[in-house]
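# Coordinates in review
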Amino acid sequence: MEYKAIFHIDESDRWRLTLGNVENLLNAAGSSPVKAEVLANGGAVLQYVFSSHPNEIAQKMTFLHRRGVTFAACRNAMKAYHLEPEDLLAFVTTVPAGVMELVQKQAGGYAYIKP
Amino acid sequence: MEYKAIFHIDESDRWRLTLGNVENLLNAAGSSPVKAEVLANGGAVLQYVFSSHPNEIAQKMTFLHRRGVTFAACRNAMKAYHLEPEDLLAFVTTVPAGVMELVQKQAGGYAYIKP
Amino acid sequence: MEYKAIFHIDESDRWRLTLGNVENLLNAAGSSPVKAEVLANGGAVLQYVFSSHPNEIAQKMTFLHRRGVTFAACRNAMKAYHLEPEDLLAFVTTVPAGVMELVQKQAGGYAYIKP
């Protein structure tokens, strides 16, 4: 069986909990395929900003991305915080509207999780 | 394609974020039909109270209602805050139990979003 | 019609609101069958710890369990808080990973609610 989940985060201080949840899902799935996406909107997109000295959160994101997790940023939120795609960690994808991504993924059978 | 989403809010201080999310969904859908409902329970119902001097939140609700968004209040929460239907903004509908509305809408194919 | 819902809680101070939501769902369902599960991970598992002097929250859990509600604890969270199954209220079940439980239940048609 394939597991599909989209994690919604809109507050910066929920990143540690959210990434722990994602890692727990990957570990629980074992050898079963997992499609996991983290969708950040609101103030949570700020944690996607690239720094040459990555903090613990950015390091964990990189680690999870290498295990196949998709990280997406809402462009409405990026606009609100004056962020351009080139400001973000290289593996972060952008979507026109985070909420539309949440709607479309659930319509496609993804579970919704809001840590 | 028709998009369907129910937004759950149970804290008064999440209204600005929630209404921004709803507006982003409508804008992203463009000319595609959207069924969007905001379901308020807990302390969030207090923001539905009518005032002859509507604040920014109430004005935004009115604007979104005119664009087709449904605003619903949980009657259990209304009872807890001693609110009658006539205390609320005229376009707000009431449901017997907010959680049952969340269950039924998801069973009917609505995506769940908790900003 | 049968109603199915999983309630996700990951913060200790959301228990009162969450249990009120669960009770409202049971009451709204009347004589219709309801499958309701409360899944606790993160710091929320601490409220599952057994005490010989149960507080109001534990009493409400017991009451809802007798009405058929399932209470589950995430073992990852239990490990983080150094809790063993025998530390918990007797009716609490444990699952290997709370997030996997959320994914599987939604795949099985349960509505997701995060109070």
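The structure under discussion appears in the preceding block.
Notes on the structure in this doc start here. (Residues numbered from 1 in each chain as written. Chains lettered and ligands numbered in written order. Predicted model: local features only at pLDDT ≥ 70, side-chain atom pairs only at ≥ 80, totals over all residues. Heavy atoms only, no water.)

### Remarks on the relation of the copies chain C and chain A
Mapping chain C onto chain A is achieved by rotating through 120° and translating by 0.0 Å along the same axis, at an RMSD of 0.0 Å. Those values place the two copies in the arrangement expected of a three-fold rotation axis. Residue by residue, only 13% of the interface of chain C is reproduced at the interface of chain A, so the copies engage with different surfaces. (Least-squares fit on C-alpha atoms with pLDDT ≥ 70 in both. Contact = heavy atoms within 4.5 Å.)

### Here we look at helix 1 (residues 15-29) of chain A
For helix 1 of chain A, which comprises 15 residues, the first-to-last C-alpha distance of 21 Å matches the rise-based estimate of 21 Å (1.5 Å per residue) to within 8%. Residues Trp15(A), Thr18(A), Leu19(A), Asn21(A), Val22(A), Glu23(A), Leu25(A), Leu26(A) and Ala29(A) constitute the buried set of helix 1 of chain A. Buried residues belonging to helix 1 of chain A abut strand 1 (3-9), strand 2 (34-40), helix 2 (56-66), strand 3 (70-74) and strand 5 (111-113) of chain A together with helix 4 (98-107) of chain C. Directly beyond the C-terminal end of helix 1 of chain A, a positive phi value near 60° is found at Gly30(A). (Helix = DSSP H or I, 4+ residues; strand = E, 2+ residues; numbered from the N terminus. Expected span 1.5 Å × (residues − 1). Buried < 20%, exposed > 50% of the residue type's maximum accessible area, 1.4 Å probe, protein only.)

### Remarks on the sheet that holds strand 3 of chain A
Residue and element names in this part refer to chain A. The strand order across the open sheet formed by 5 strands is 4-3-2-1-5, and the pairing between neighbours is parallel. The open sheet has two edge strands, strand 4 (93-95) and strand 5, and neither has a second partner. Within the sheet, the average angular offset between the axes of one strand and its neighbour, ignoring direction, is 30°. Note that strand 3 and strand 4 share 3 bridges and pair parallel. In the strand pairing of strand 4, Ala72 is matched with Thr93. Contacts between helix 1 and the sheet are confined to strand 1, strand 2, strand 3 and strand 5, with strand 1 contributing the most and set at about 175° to the helix. (Pairing = 2+ DSSP bridges. Axes fitted to C-alpha atoms, helices over the stretch in contact; angles between N-to-C directions.)

### A word on the packing of helix 1 (residues 15-29) of chain C against helix 2 (residues 56-66) of chain C
The axes of two packed helices give the description: the angle between them and the distance between them. Residues and elements named next belong to chain C. Orientation of helix 1 relative to helix 2, taken along the N-to-C sense of each, is 25°, at an axis distance of 10 Å. As judged from the angle between their axes, helix 1 and helix 2 are roughly parallel. For the element pair helix 1 and helix 2, the recorded crossing hand is left-handed. Across the interface between the two elements, Trp15, Arg16, Leu19, Val22, Glu23 and Leu26 of helix 1 pack against Glu56, Ile57, Lys60, Met61, Phe63 and Leu64 of helix 2. Its residues placed into classes, the contact of helix 1 with helix 2 shows 8 nonpolar, no polar and 4 charged. (Parallel < 35°, antiparallel > 145°, perpendicular 65-115°, else oblique. Left-handed = near helix turned anticlockwise from the far one by under 90°. Nonpolar A, V, L, I, M, F, W, Y, C, P; charged D, E, K, R; others polar.)

### Examining the interface of chain B and chain C
Listed per partner, the contact involves 15 residues of chain B and 17 residues of chain C. The largest contributions to the chain B side of the interface with chain C come from Val99(B), Met100(B) and Val103(B), which together make up 40% of the buried area. Taken together, chain B and chain C are joined by 2 salt bridges. Taking the shortest distance from any N to any O, the salt bridge between Arg14(C) and Asp10(B) comes out at 3.3 Å. In this assembly, chain B and chain C are joined by 6 residue pairs in polar contact (both at pLDDT 80 or more). At 7 residues, the largest contribution of residues to the side of chain B that touches chain C is made by helix 4 (residues 98-107) of chain B. Its residues assigned to classes, the side of chain B that touches chain C comprises 7 nonpolar, 5 polar and 3 charged. (Buried area = accessible area lost by both parts, 1.4 Å probe. Salt bridge = Lys/Arg side-chain N within 4 Å of Asp/Glu carboxyl O. Polar contact = N/O pair within 3.5 Å; in protein donor to acceptor, adjacent residues only side chain to side chain.)

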